[in-house]
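Overview (structure and organization)
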Amino acid sequence: MELPDKETCYRALESRDPRFDGLIYVGVRSTGIYCRPVCPARTAKYVNCTFYGSAAAAQEAGYRPCLRCRPETAPEFASWRGTSNTVSRALALIAEGALDGEGKSVDALAERLGVGERQLRRLFLQHLGASPIAVAQTRRVLFAKHLIHETRMSMTEVALAAGFSSLRRFNEVFRDLFHRPPSALRRRSLASRRSAETGIALRLRYRPPYDWESMLSFLEARAIPGVEVVEKGCYRRTVEIDGSVGSVTVTHLPQRQSLSVTIHFPMVQSLPAIVNRVRRLFDLGADIETIDEHLSHDLQLAPYVALRPGLRAPGGWDGFELAVRAILGQQISVAAARRLAGQLVALHGGPLPENSGSHSGLTRTFPSAKRLAALASIGLGMPTARLNALRALARAAADDPNLFRPFATIEEAITRLRTIPGIGEWTAQYIALRAIREMDAFPASDIGLLRGVAKVDGAPATPTSLLRRAESWRPWRAYAAQHLWAANATQVRSVEGTHA
């Protein structure tokens, strides 16, 4: 997205236009503060305002975050910046900690993306107005500020969770930026210190509209027994990261245009990864109005887009878990794939501690790639070809921890996945869409998509004709796929019940 001209930005600021929230930030020269365009403070004079396309750009220019509108709570758009797929992939990797800790560098990040370091820096300046390092640093500061405002975590826990190398460095950054210690930012009205029972509660904003019912229905149809529970408008699941086990609960706050997330997890260092997975699973980074407007240029598809405003492209909680689901779902229904996944978890998933305080339906974690790769027999009643594909997938994922992370181009990601025995074009595209979050991934051979487009166009289609038809939907074919699946009356049975 190109930054609008200053006059347009200022009108958005004057009217506190929510459509610009998260898309622009205003640095106010007279105060040294940067704000969201919806900030309730008195509007600054035009001459004192400078507008930026990202919080990182405003912070790198020397402004500090506003304590009233709290830029850390603005909707994020890391996943939709179609003007540069390289920047989108880089932002996803930075959110996973690609520039946090020792041995992490922009050079290494650029190499993973298949570009030179200078080219990556140039793209960041062009699209975000800030360097990759500045984006990573701003992410750490804003996440820490979010935790300070909304939790009773100790400052040491906040520093660790936000990715700071030490408590001393954490304190230095906040004193330099806010001219006060981080503890001074905490609201005195917060309730008593968190406990193992209450967990850590955060609100994650999205850009409306948001079709929560469709998202929850999608997840409920695929909920793996023991690992996931969907009931009474709430999503729960178990979490395992680096051997530590916990759970997460997600509910919808439509009046706040947010999701409420409660995390029970023993390692605070894993909080950014858990929050990032929630954002990915529920597709919180989509500028859905821009996407729907683009798809509505297709006159046949437009009525179906209008029927479901805010329809998102669900992600996957974990890349390996999602890839296993996709293989289990080859040539069978979603319900049958769900039963197989439940059997796999019962046989090889890890148990939750008895005193975890989780929902009674959450009993096990999904088995890791290393665990499945080491098994002599998986023990599922499946065709030999698919069992061999599961073993090959487990070995590949165990050998390459970055297998399901953004990598160079979508074409390279698909090619890399298809080198795994048993993964064909459909499976690779489906994994790319949900696990790697390639928003232009498109499993054109999916029966549900073919039925959906036949309903939209009133004529049968083939995978080849559908691919041609989908060219105008780029770079958001994944969202067009969601509308085609929704248009198909047998959506739930067909999304994963197709040939690979």
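Just so you know, these numbers come straight off a predicted model, no measurement behind them.

1. Details of the pairing of strand β9 (residues 258-264)
Burial analysis of β9 places seven of its seven residues in the buried class, which makes it a mostly covered element. Across six bridges, strand β5 (residues 200-205) lies against β9 in antiparallel orientation. Counterpart to Ile200 in the pairing with β9 is Ile263. In terms of strand pairing, strand β8 (residues 244-253) meets β9 through seven bridges, oriented antiparallel.

2. Observations regarding the packing of helix α6 (residues 132-150) against helix α7 (residues 155-162)
Packing of α6 against α7 leaves a shortest axis separation of 9 Å and a crossing angle of 145°. Remark: the crossing between α6 and α7 carries right-handed chirality. Across from Arg140, Phe143, Ala144, Leu147 and Ile148 in α6, the residues of α7 making contact are Met155, Val158, Ala161 and Ala162. The residue inventory of the contact of α6 with α7, partitioned by class, reads eight nonpolar, no polar and one charged.

3. Some details on the environment of Thr363
With respect to the element layout, Thr363 can be found in the loop between α14 (334-348) and α15 (369-373). Here Thr363 falls in the partly exposed class, since its relative accessible area comes to 38%. Excluding residues that lie within four positions of it along the chain, Thr363 makes contacts with Gly226, Gly350, Pro351 and Leu352.

4. A word on the nonpolar core
As a rule of thumb, soluble globular proteins bury nonpolar side chains together. Of all hydrophobic cores here, the largest spans 120 residues; its most connected members are Phe282 and Phe320. Not counting chain neighbours up to four residues away, the residues in contact with Phe282 comprise Tyr210, Trp212, Met215, Leu219, Tyr235, Val250, Leu259 and Arg312.

5. Some details on the sheet that holds β5
Working definition: the strands of a sheet are paired by backbone hydrogen bonds and lie parallel or antiparallel to each other. Spatial ordering of the open sheet is given by β5-β9-β8-β7-β6, a layout of five strands whose pairing is antiparallel. Each end of this open sheet is capped by a strand with a single partner; those strands are β5 and β6 (228-231). With direction set aside, neighbouring strand axes in the sheet form an average angle of 20°.

6. Focus on the sheet that holds strand β4 (residues 64-65)
Pairing within the open sheet is mixed, and its four strands lie in the order β3-β1-β2-β4. The two strands at the open ends of the sheet, each matched to only one other strand, are β3 (49-52) and β4. Along the sheet, helix α1 (residues 6-14) contacts β1 (25-28) and β3; its crossing angle with β3, the most-contacted strand, is approximately 100°.

So, how was this worked out
- Starting from 1, residues in each chain are numbered consecutively following that chain's sequence as written.
- In keeping with the predicted nature of the model, local features appear solely for residues at pLDDT of at least 70, side-chain atom pairs appear and are counted solely at 80 or more, and the whole-chain, interface and lining totals rest on all residues.
- To obtain the side-chain values, all non-hydrogen atoms of the structure were included, while hydrogens and water were left out.
- Any residue under 20% of the maximum accessible area for its type is buried, any over 50% is exposed, and the rest in between are partly exposed; the area is computed with a 1.4 Å probe on protein chains only.
- Secondary structure elements follow DSSP: runs of H or I of four or more residues count as helices, runs of E of two or more count as strands, with numbering from the N terminus.
- Between any two strands, at least two bridges found by DSSP are needed for them to pair.
- Angles shown run from 0 to 180 degrees and are taken between the N-to-C directions of axes, each axis being a line fitted to C-alpha atoms and, for helices, limited to the stretch in contact.
- Crossing handedness is read from the near helix: turned anticlockwise from the far helix by less than a right angle, it gives a left-handed crossing, and turned clockwise, a right-handed one.
- When checking whether two residues touch, look at their non-hydrogen atoms; a contact exists if any pair is within 4.5 Å.
- We call Asp, Glu, Lys and Arg charged. Ala, Val, Leu, Ile, Met, Phe, Trp, Tyr, Cys and Pro are nonpolar, and the rest, Gly among them, are polar.
- We define the nonpolar core as a collection of buried residues of types Ala, Val, Leu, Ile, Met, Phe, Trp, Tyr and Cys that are connected through side-chain atoms lying within 4.5 Å of one another.

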